[in-house]
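Fold and geometry: a report
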Amino acid sequence: MNISNISVDKNGAISLYKKGDDSIFKKAQEICNSIYGNKVFLRGLIECSNICINDCLYCGIRKSNNKVVRYKLTKEEILNTVKKGYEYGLKTFVLQSGEFSYSVKELCDIVETIRDKYYDVAITLSCGLMSKSQYRELKNAGANRYLMRFETSDEKLYRYLRNDSLKRRIKGLMDLNDLDFEVGSGFMVGLPEETEETRINNATLCYELGLDMVGIGPFIPHKETPLGDCLQLPIDFTIRMTALLRILLPYANIPATTAAGTLSPTGREKMLWAGANVLMPNITPTQYKKNYLLYPDKICIDESGFECLGCLSNRVKSIDKEISFKRGDSYSFLLKEKSVVKAYN
Ligand code: SAH
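No experiment lies behind these values; they were computed from the predicted model shown.

Criteria and thresholds
Residues numbered from 1 in each chain as written. Predicted model: local features only at pLDDT ≥ 70, side-chain atom pairs only at ≥ 80, totals over all residues. Heavy atoms only, no water. Helix = DSSP H or I, 4+ residues; strand = E, 2+ residues; numbered from the N terminus. Rg over C-alpha atoms; globule rule 2.2 N^0.38 Å. Buried < 20%, exposed > 50% of the residue type's maximum accessible area, 1.4 Å probe, protein only. Contact = heavy atoms within 4.5 Å. Areas by Shrake-Rupley, 256 points an atom, 1.4 Å probe, with all protein chains shown as cover. Lys, Arg positive; Asp, Glu negative; His and termini not counted. Charge placed at Lys NZ, Arg CZ, Asp CG, Glu CD. Patch = residues over 30% accessible without salt bridge, like charges linked within 9 Å, V, L, I, M, F, W, Y side chains within 5 Å. Salt bridge = Lys/Arg side-chain N within 4 Å of Asp/Glu carboxyl O. Axes fitted to C-alpha atoms, helices over the stretch in contact; angles between N-to-C directions. Left-handed = near helix turned anticlockwise from the far one by under 90°. Nonpolar A, V, L, I, M, F, W, Y, C, P; charged D, E, K, R; others polar. Polar contact = N/O pair within 3.5 Å; in protein donor to acceptor, adjacent residues only side chain to side chain. Near = heavy atom within 4 Å. Parallel < 35°, antiparallel > 145°, perpendicular 65-115°, else oblique. Expected span 1.5 Å × (residues − 1). Core = buried A, V, L, I, M, F, W, Y, C linked by side-chain atoms within 4.5 Å.

**Structural notes on the overall build of the protein**
Scanning the protein for helices and strands turns up 14 helices and 12 strands. A compact globule built from 345 residues should have a C-alpha radius of gyration of about 20 Å, and the protein, at 19 Å, falls within 12% of that. Judged by the C-alpha coordinates and their principal axes, the protein covers about 55 × 45 × 40 Å. Counting only residues that meet the buried cut, the protein has 59% of its 345 residues in that class. If you take every contact in the protein between residues at least 6 apart in sequence, the share linking residues at least 24 apart comes to 72%. As displayed, the protein offers around 15100 Å² of accessible surface, 52% of which is attributable to carbon and sulfur atoms. Separation between the mean location of the 48 positive side-chain charges and that of the 42 negative ones in the protein comes to 1 Å.

Set out below in structure tokens:
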């Protein structure tokens, strides 16, 4: 089965794609438009630390890459960044880091302080796999959302890449769901040994997990990793997967990711065109950005994320969309039981 040949008929059934048939995109655009109109939500991404206990084969900041200059933002640096973002109108902040660069206590303290000062923002964490009780502490501290990609649905490939079991990661996602986090996951497109069947299974797993947010992006080989010489799959695969995901998960928030913008100058626009509805300007203090290179040639590392906002707004306009400064809670999350209570928690 060839994923670039997948299409969706007028009843929504997925079938093999006929050359020149763009119906998968039309369907995804129709769905995206009917739910979000032309609006694109913003998230301020703060890459808090590149310290990581893991040695994932694909990742530029893996533990054993000793060329990386390691850093860890202080609580004050994080708070100052959030303050600046808030002043610019951002209502969602994503705190991302390598695994266990902060203790749970440190993270709770940071989250609590942000929550106290900015009661109306959404706080998203993306700090890797933890125990359910640790996730509970973070939830109680005031975190609303959690992002953790499963990376690939192929158990064997997952073990090879991360020296761990996919089941553990999935269990983590289920714990987050139980604890009433808005849950995001996703995968890389074009990992070595990945087949088109894997990609379809990846999308199916997102559906089965009932994700509130789905983040995908092209795998980009990094020279300082064991996968440095792997082949790069063209951006089109990521774009087509975006459309498929929008069809499978109409109400999920789907970001147009920086990796897509890195692989192709208009990668993010293409993802938005294909059904994505979120952009994540990188508001990490500029001096640290060059040290958070998960993959090479990452865009926007020499300017502040706030300069990026103007650029993003123009990019979005080029595809007839418009930036929204709303908090942008996932409709899929709001539609779940006790939605109204949840929305204001
Ligand atoms: N420690 C957190 C954050 C990981 S970094 C966690 O475990 O969830 C965020 C994402 O970057 C990863 O989940 C992975 O999908 C992506 N990534 C890492 N290396 C990459 C590469 N070489 N190319 C593209 N994406 C990559």
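**Some words on a nonpolar patch on the surface**
Together, Tyr251, Tyr331 and Leu335 make up an exposed nonpolar region whose accessible area comes to about 300 Å². Following the sequence through the fold, Leu335 ends up in the loop between helix 13 (331–334) and helix 14 (339–343). Judged by relative accessible area, Leu335 falls into the exposed class, the value being 58%.

**Section: the packing of helix 7 (residues 196–208) against helix 8 (residues 236–248)**
Packed helices, taken two at a time, are described by the angle their axes make and the gap between the axes. Across the interface, helix 7 lies against helix 8 with an axial gap of 10 Å and an inter-helix angle of 35°. At the point where helix 7 passes helix 8, the crossing takes the right-handed sense. Contacts between helix 7 and helix 8 involve Glu196, Arg199, Ala203, Thr204, Cys206 and Tyr207 on the former and, on the latter, Phe237, Met241, Leu244, Leu245 and Leu248. Of the residues assigned to the contact of helix 7 with helix 8, the class counts are eight nonpolar, one polar and two charged.

**Some remarks on the side chain of Ser49**
Among the structural elements, Ser49 can be located in strand 4 (residues 44–49). Note on Ser49: relative accessible area 0%, which makes it buried. There is a polar contact of 2.8 Å between the side chain of Ser49 and the backbone oxygen of Tyr71. Each residue touching Ser49, except ones within four places of it in the same chain, is listed here: Tyr71, Lys72, Gln96, Ser97, Gly98, Ser101, Tyr102 and Tyr292.

**So, the site of the ligand**
Within the structure, the ligand sits among 17 residues, and Tyr58, Ser97, Arg149, Glu151 and Ile220 are positioned closest to it. Within the backbone of Ser97, one N or O atom sits 2.9 Å away from a nitrogen atom of the ligand. A distance of 2.9 Å separates an oxygen atom of the ligand from a polar atom in the side chain of Arg149. Burial of the ligand by the protein chains amounts to 92% of its free accessible area of 560 Å². A class-by-class count of the residues in the shell around the ligand yields eight nonpolar, five polar and four charged.

**Describing unusual backbone geometry**
In this model, Cys300 sits at a positive phi of 60°, which is unusual for a non-glycine residue. Mapped onto the fold, Cys300 is located in the loop between helix 11 (286–289) and helix 12 (305–317). Despite not being glycine, Asp320 has its phi angle at roughly 60°, a positive value. In this fold, Asp320 is placed in the loop between helix 12 and strand 12 (322–324). A relative accessible area of 66% places Asp320 in the exposed class.

**Remarks on the packing of helix 1 (residues 23–36) against helix 8**
Two elements in contact, helix 1 and helix 8, have axes separated by 8 Å at closest approach and are oriented at 50°. Regarding the angle of helix 1 to helix 8, the classification is oblique. Considering how the two elements wind past one another, helix 1 and helix 8 form a crossing that is left-handed. Contacts from Ile24, Phe25, Lys27, Ala28, Ile31, Cys32 and Tyr36 of helix 1 reach helix 8 at Ile239, Arg240, Ala243, Leu244, Arg246 and Ile247. Across the contact of helix 1 with helix 8, the residue classes break down as 10 nonpolar, no polar and three charged.

**Observations concerning helix 6 (residues 166–178)**
Under the 1.5 Å per step criterion, the end-to-end length of helix 6 is 19 Å for 13 residues, consistent within 8% with the ideal 18 Å. Inspection of helix 6 places Leu166, Arg169, Ile170, Gly172, Leu173, Asp175 and Leu176 among the buried residues, and these make up the whole buried set. Tucked into the core, helix 6 has its buried residues touching helix 4 (132–141), strand 7 (145–147), helix 5 (155–162), strand 8 (182–189) and helix 7.

**A few points about the environment of Ser313**
For Ser313, the position within the fold is in helix 12. Residue Ser313 is classed as partly exposed on the basis of its relative accessible area of 24%. On a C-alpha basis, the gap between Ser313 and Arg62 in space is 33 Å, while along the polypeptide they are 251 residues apart.

**A look at the nonpolar core**
One finds Ile114, Tyr135, Leu138 and Tyr146 to be the most contacted residues of the largest nonpolar core, which totals 102 residues. Those residues in contact with Ile114, other than ones at most four positions away along the chain, are Ile78, Leu79, Val82, Leu95, Val121 and Ile123.

**Examining helix 1**
Since the α-helix turns once every 3.6 residues, residues separated by three or four places project in the same direction. In this model, helix 1 (14 residues) spans 20 Å end to end at C-alpha, consistent with the 20 Å of a helix rising 1.5 Å per residue. One or two positions beyond helix 1, positive phi appears at Gly37, with a value near 60°.

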